[in-house]
Amino acid sequence: TETNQSSSETQEDVEEEINWSQVADVPSYVPYLLIGGGVASLEAFKAIKTKEPNAKVLMVGDEDYIPYDRTSLSKEYLVKRFWMNEDNKEMERKDTENMDWITMSKGLYMEAKKLPYSDRGGLGILKGRKVLSLDVTNKTVTLDNGSTIRFDKCLIATGGKPKNDTVLSVAEDEVKNRTTLFRNYDDLNRLNESIKKCQSVAVIGGGFLGSELSIDLLYKGVNTNLQVYQIFPEKGNMAKVLPDYLSEWITNKMKRVGVDVITETRLEAAQFEDGKVSLKLSNGKVITVDHVVVAVGIQPNTDLADSAQLELDDKYGGFRVNTELQARSDIWAAGDCACFYDAKLGRRRVEHQDHAMITGRLAGFNMAGEKNAYTHQSMFWSTIPGVNEYEAVGLSDSRLQTFSVFRKKYPSEDDSKKDVEPSEDSNKSTKDSLQSKQESTKNNSDKDLSMCSLEDDYNYGIIFYLRNNEVVGIVLWNLLGYSSVSDRLNIARQVIASGVKDQDLTEVAKLFNIYAK
Ligand code: FAD
Ligand code: NAD
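The paragraphs below set out a description of the structure included in this document. Here the residue numbering is sequential within each chain, running from 1 through the sequence in written order. The naming scheme follows written order: chains are lettered A onward, ligands numbered 1 onward. Local features are withheld for residues below a pLDDT of 70 in this predicted model, meaning they are given only at 70 or higher, and side-chain atom pairs are given and counted only at 80 or more; totals for whole chains, interfaces and linings count all residues. Hydrogens and waters are ignored; side-chain quantities use all the structure's heavy atoms.

Let's talk about the sheet that holds strand S21 (residues 338–342)
We count it as follows: A pair of strands is treated as paired once DSSP finds two or more bridges between them. The way it works is that DSSP assigns letters per residue, a run of H or I at least four long becomes a helix, a run of E at least two long becomes a strand, and they are numbered from the N terminus.
Pairing within the open sheet is mixed, and its three strands lie in the order S18-S21-S22. Of all strands in the sheet, those with a lone pairing partner are strand S18 (319–320) and strand S22 (346–348), marking the two edges. Relative to S22, S21 runs antiparallel, the two sharing three bridges. Each residue of the ladder has a partner; that of Tyr341, found in S22, is Arg347.

Quick look at the environment of Pro233
Our working definition: Note on classification: 1.4 Å probe, protein chains only; a residue is buried when its accessible area is under 20% of the maximum for its type, exposed when over 50%, partly exposed between these limits. We call two residues in contact whenever any of their non-hydrogen atoms come within 4.5 Å of each other.
Considering the arrangement of structural elements, one finds Pro233 in the loop between strand S11 (227–231) and helix H8 (244–257). Classification of Pro233 as partly exposed rests on a relative accessible area of 35%. If we ignore the near neighbours within four places in the chain, the residues touching Pro233 are Glu264, Thr265 and Arg266.

Some remarks on the site of ligand 2
We count it as follows: For this purpose, a residue is taken to be near a molecule or strand whenever a single non-hydrogen atom of the residue falls within 4 Å of it. Pairs of N or O atoms within 3.5 Å make up the polar contacts considered here, provided that, within protein, one atom can donate a hydrogen while the other can accept it, and that residues adjacent in sequence are counted only when both atoms are side-chain atoms. Each residue gets one of three labels, nonpolar for Ala, Val, Leu, Ile, Met, Phe, Trp, Tyr, Cys and Pro, charged for Asp, Glu, Lys and Arg, and polar for the others, Gly among them.
Taken together, 22 residues lie near ligand 2, and Glu234, Gly297, Glu351, His352 and Trp381 sit nearest. Here Phe208 contributes a backbone N or O atom positioned 3.2 Å from an oxygen atom of ligand 2. Glu212 places a side-chain nitrogen or oxygen 3.0 Å from a nitrogen atom of ligand 2. Those elements giving two or more residues to the shell around ligand 2 turn out to be helix H7 (208–220) and strand S23 (379–384). The residue inventory of the shell around ligand 2, partitioned by class, reads nine nonpolar, seven polar and six charged.

Description of the state of the cysteines
Defined as follows: To count as a disulfide, a pair of cysteine sulfur atoms needs to be within 2.5 Å.
With the rule as written, the count across this model stands at zero disulfides. A disulfide-free cysteine, Cys154 has its sulfur positioned 10 Å from the sulfur of Cys337, the nearest such atom.

Considering H8
Quick note on the threshold: In this scheme, a helix's expected span is set at 1.5 Å multiplied by one less than its residue total.
End to end, H8 covers 20 Å across 14 residues, agreeing with the expected 20 Å (1.5 Å per residue, within 8%). Turning to H8, its buried residues number three or more, namely Tyr245, Leu246, Ser247, Trp249, Ile250, Thr251, Lys253 and Met254. Remark: Gly258 follows H8 within two positions and exhibits a positive phi of approximately 135°.

Some points on the site of ligand 1
Let me state the cut-off plainly: Shrake-Rupley sampling with a 1.4 Å probe provides the accessible areas, and residues are treated as covered by the protein chains on show and by no other component.
Taken together, 34 residues surround ligand 1, and among them Asp62, Glu63, Arg70, Lys75 and Asp336 come closest. Separating an oxygen atom of ligand 1 from a side-chain N or O atom of Glu63 is a distance of 2.6 Å. His352 places a main-chain nitrogen or oxygen 3.1 Å from an oxygen atom of ligand 1. Protein coverage of the free-state accessible area of ligand 1, which is 1,000 Å², stands at 93%. Residue composition of the shell around ligand 1, grouped by class: 12 nonpolar, 13 polar and nine charged.

So, in C-alpha cells, the structure goes:
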C-alpha cells in the first residue's frame, strides 16, 4: 500500500515513526518488479531510475546475495593473484574471505519492506526468495514463502542453470558428492573447500567455463601439484566459437601450461572406487580423480513460462521477446534467459555479461516508457590466464566461414608469452606484414585453406565471421591490454552494422590497427 506523506515531514521523520517489526517483509504492491538478482536486473534498475528518479523498484533473487560479478568466479585466481605473497602461497588480505571482491553497486539496495515508504523510491531487494509463478493477466507473482506481489511492470531476468552430464546425473551418491556444477558464489566456495583435499580433478566440458576453470584450478593447486584433466567431445578448446586451427592452438597452450586436455572424448561411466571417482572414457581409458567439475553449458531458467503462458524459443531456448525485449504487454525479459530479435543479425540468445547488462538496460528504459530497439551490439570477452584472451562482437560461431588476419611478431618482440608458444619462427616475421587465414564452413568438406600460406603465428589478430560473405561477427584476438580496445570494439560494431560484404578483409583488418600497442 502506498503511504501518504505530508509535505513538512522528511523521509527520515516518516521512517522513525514506523515500527518496522510490524511491517511485512514482502511488499504487496510495487510499480516495477525485477525477477532475478543478476546484472541484467541491476542494469534495468539503473535505467528505470535514470528515466524516473523516484521509481520504486523491487528485485527478487533466489541467491542469498546482492548482485555480484559472476564472471570473476572462474577467474578467481586472476583476480586474487594481486593479493598473494610473493611466493604465491598465502592470501594477504581478509577480503578473500568475504564477497567484497565481486559485489556490485554495494550501498544501492534497501530492505524490500522499506520500499513502499520511500518517497525517493529506490531499489528494494528480497534475497533468498524465489518467484514460483507469474500471472500476467492479474499482474501478480507468488513467492516460495507463499506471499504475492502485485506489479505494474515486470522484468524476467532469471539467467540460466548448469546442465549436467548424463552419466554423472545418474551416478551413485558418492560420485555426486564429489561433483560440482558451477554457476554461483556458493559453488565456488564448495569447490575451493573440496579442492583443498584433492590431488586430482577432472573438468568436463571444453567451452568457456571448462577452459577457464581448468586453468584457474591448475594455478590454485600449483603448490599441491593438483593434476587437472579436461575432457570434452570436440577436437579442441572453445571449438564452438573458434575456427579449428585456433581451437587447436589454444588446446596446445593449455597442455603446455599443464592441463591434461583429453579431446574428442566423452564420459561413459563414473563410479566410486577406493575413495576416488573412477571415470571410464569413450577413448578406452580410465582415469581416477578426487573431484569432478561439470561445465557442459547452461539451460535458461524458464520455469515461469508455464504459469505466465509465455512462449519459449524452440531453437535457442529462452523467453521469446521482440526487438524491444518485450514478451507481452508490461512483461520484458533480458540477459541469458531471453531469446531476442536482433534486427541486424536475426533471432539470438546470448549468454554473456555485457549482453546481460545492455539488454537489462534496454528493458529498463522500455519499462519506464521508451520504445527502443536492440541496435547496440554487445561484446564478450574470455580470459584464460597465461594462455589467451579475446573479445568478440556479433556472431562468433565456428560453423560460420571465418577469415583471420594476424599480426606477425616484431623481430625484437620476445614477450613473456613466448614460453607457452606452440611454435615460433621469428626469423620469418617482418614488421609491416600481416598474415591471413581463411576457413570455410565446418560442414563443407571442400575446405579452402589456400590463404593459409604462413606459419602458425597466431599471437595477435582479428577473426571475421562471415554469413553469405557478409561480416556478422568479429573476434579481437589477444588485443586486450593494448591501447584502444574499446575503439576497436566500436569499429567492429560499425563493420557489422554497415554490412561489410564481398570486400578484401585484409584491407578491412587495417581499420583495427593491430600493430598499435
Ligand atoms: P544471472 O547472472 O544468471 O542472474 C540471474 C539470477 O536470477 C540468479 O541469481 C538466479 O539464481 C536468479 N533466479 C533465477 N530464477 C529465479 C526465480 N524464479 N526467482 C528469483 N530468482 C531467480 N560472460 C562474459 O561475457 N565474460 C566472462 O568472462 C564470463 N565469465 C563467466 C564466468 C562464470 C563462472 C559464469 C557462471 C558466467 C560467466 N559469464 C561471462 C556469463 C555471465 O556471467 C552471464 O551471461 C550473466 O551473469 C547473465 O546475467 P543475467 O542477469 O542474465 O543472469
Ligand atoms: P558453453 O556453452 O560455453 O560450453 C559447453 C561445452 O560443453 C561445449 O563446448 C562442450 O565441450 C561441452 N559439452 C557438452 N556436452 C558435453 C558432454 N556430455 N561431455 C563433455 N563435454 C560436453 O558452456 P560452459 O563452458 O559450461 O559455460 C557455462 C555458461 O557460462 C555459458 O553460458 C557461458 O557463456 C558462460 N561463461 C562465459 C564465459 C565468458 O564469456 N568468458 C566464461 C565462463 C562462463
